[in-house]
Amino acid sequence: MVSGATGAFSAQMTEVQQVYAGLLSLLLWVTIVWLLRAIMTGAKPKLRDGLYSAGSPLVATAIIGGIMIIQALPAALGVLIYSAASATSLLGEGAIAMLIFIGSLLLVVLSIYLLISSFFATIIVTLPGMYPWRALRAAGDLVIGRRLRLLYRVSWMILVVCLFWMLAMLPAVLLGTWMQKVSWLAWVPLVPVALVFATASGMVFSCTYVYLLYRKVVEDDAAPA
């Protein structure tokens, strides 16, 4: 863990800071969606227009986010079960190991199955007059027959974000560690700045990618695969 003036990964955030970070992420998400929707209609909105106008579906988006956390619980349970089994001798038994692996995998697949449509629900819920449950139903109807293809696309997006995050942070951590040894450079907060940049860039890319994928599915006249 890097510490000191460059302090990249310092102490964990407090509960209040986590709430603020969550609200800021939600605001960033709905703002980007609002701006993208305006740009796609041919308008030329300003950033302040998005900040002033995009906040209305914030509560509905937060509800969708809470539902997505619940949908991710089976995957978390599957990982927990497999990790607990790995720490014991259960995986030494061939049949038991296979059953634990299959059960954990099914729990992860269940979460992925549910989350695919919820990604689109975070876009749909930003439409004027849209409610969370209606958005979830509409998203579920939209992805029927397309879940596997959409899973490939979302997986690619996650891979790109992770690679970008690693490429942005690894040099910053190495350079920040070296700067710690140079007295007149030790005060420069290189790693925290790189962390904010990588996180914000990943958020913007992810939101843009999901929105454009949503528009492509909506406009796709081909029969679902």
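As shown above, the structure is provided for reference.
Parameters and conventions
Residues numbered from 1 in each chain as written. Predicted model: local features only at pLDDT ≥ 70, side-chain atom pairs only at ≥ 80, totals over all residues. Heavy atoms only, no water. Axes fitted to C-alpha atoms, helices over the stretch in contact; angles between N-to-C directions. Helix = DSSP H or I, 4+ residues; strand = E, 2+ residues; numbered from the N terminus. Parallel < 35°, antiparallel > 145°, perpendicular 65-115°, else oblique. Nonpolar A, V, L, I, M, F, W, Y, C, P; charged D, E, K, R; others polar. Polar contact = N/O pair within 3.5 Å; in protein donor to acceptor, adjacent residues only side chain to side chain. Contact = heavy atoms within 4.5 Å. Core = buried A, V, L, I, M, F, W, Y, C linked by side-chain atoms within 4.5 Å. Buried < 20%, exposed > 50% of the residue type's maximum accessible area, 1.4 Å probe, protein only. Phe/Tyr/Trp six-rings, centres within 6.5 Å; stacked < 30°, edge-to-face > 60°. Left-handed = near helix turned anticlockwise from the far one by under 90°.

### Here we look at the packing of helix 7 (residues 147-180) against helix 8 (residues 190-219)
Look at helix 7 against helix 8: their axes get within 9 Å of each other, and the N-to-C directions meet at 170°. Comparing their axes, helix 8 and helix 7 come out roughly antiparallel. Split into classes, the residues belonging to the contact of helix 7 with helix 8 amount to 25 nonpolar, five polar and two charged.

### Some thoughts on the side chain of Thr 126
Note that Thr 126 resides in the loop between helix 5 (94-124) and helix 6 (132-142). Within the structure, Thr 126 has its side chain in polar contact with the side chain of Arg 37 (distance 3.1 Å). In contact with Thr 126, not counting residues within four places along its chain, are Val 30, Val 33, Arg 37, Pro 57 and Thr 61.

### So, the nonpolar core
Among the nonpolar cores identified, the biggest contains 32 residues, and Trp 29, Phe 120, Ile 123, Leu 150 and Tyr 214 are the most heavily contacted of them. For this core, the secondary structure elements donating two or more residues are helix 1 (15-40), helix 3 (58-71), helix 5, helix 6, helix 7 and helix 8. Broken down by element, the residue count for this core peaks at seven residues, all from helix 8. If we skip the residues at most four places from it in the chain, Phe 120 touches Ala 139, Leu 142, Val 143, Leu 150, Val 210, Leu 213, Tyr 214 and Val 217.

### Re the environment of Ile 144
Summarising the element assignment, Ile 144 is placed in the loop between helix 6 and helix 7. The exposed category is assigned to Ile 144, whose relative accessible area is 52%.

### A short note on the packing of aromatic side chains
Tallying each qualifying case throughout the model produces six aromatic pairs. Look at Phe 164 and Phe 197: their rings are 6.1 Å apart centre to centre, the planes differ by 55°, and that puts the pair in the tilted class. Of this pair, Phe 164 sits in helix 7 while Phe 197 sits in helix 8, placing them 33 residues apart in sequence. Taking the centre distance of 6.1 Å and the plane angle of 45° together, the rings of Tyr 211 and Tyr 214 count as tilted. Placement of both Tyr 211 and Tyr 214 in helix 8 is noted, with a separation of three residues, approximately one turn of the helix. Given a relative accessible area of 1%, Tyr 211 falls into the buried group. For Tyr 214, a relative accessible area of 11% gives the class buried. Following the ring pairs from residue to residue traces out a cluster consisting of Phe 120, Tyr 211 and Tyr 214.

### Topic: the packing of helix 3 against helix 6
Interhelical geometry of helix 3 versus helix 6 gives an angle of 60° and a closest axis separation of 9 Å. In terms of orientation, helix 3 lies oblique with respect to helix 6. Crossing of helix 3 against helix 6: the hand is right-handed. Only Pro 132, Trp 133 and Leu 136 of helix 6 make contact with helix 3, whose side of the interface consists of Ala 60, Ile 63, Ile 64 and Ile 67. The class makeup of the residues in the contact of helix 3 with helix 6 is seven nonpolar, no polar and no charged.

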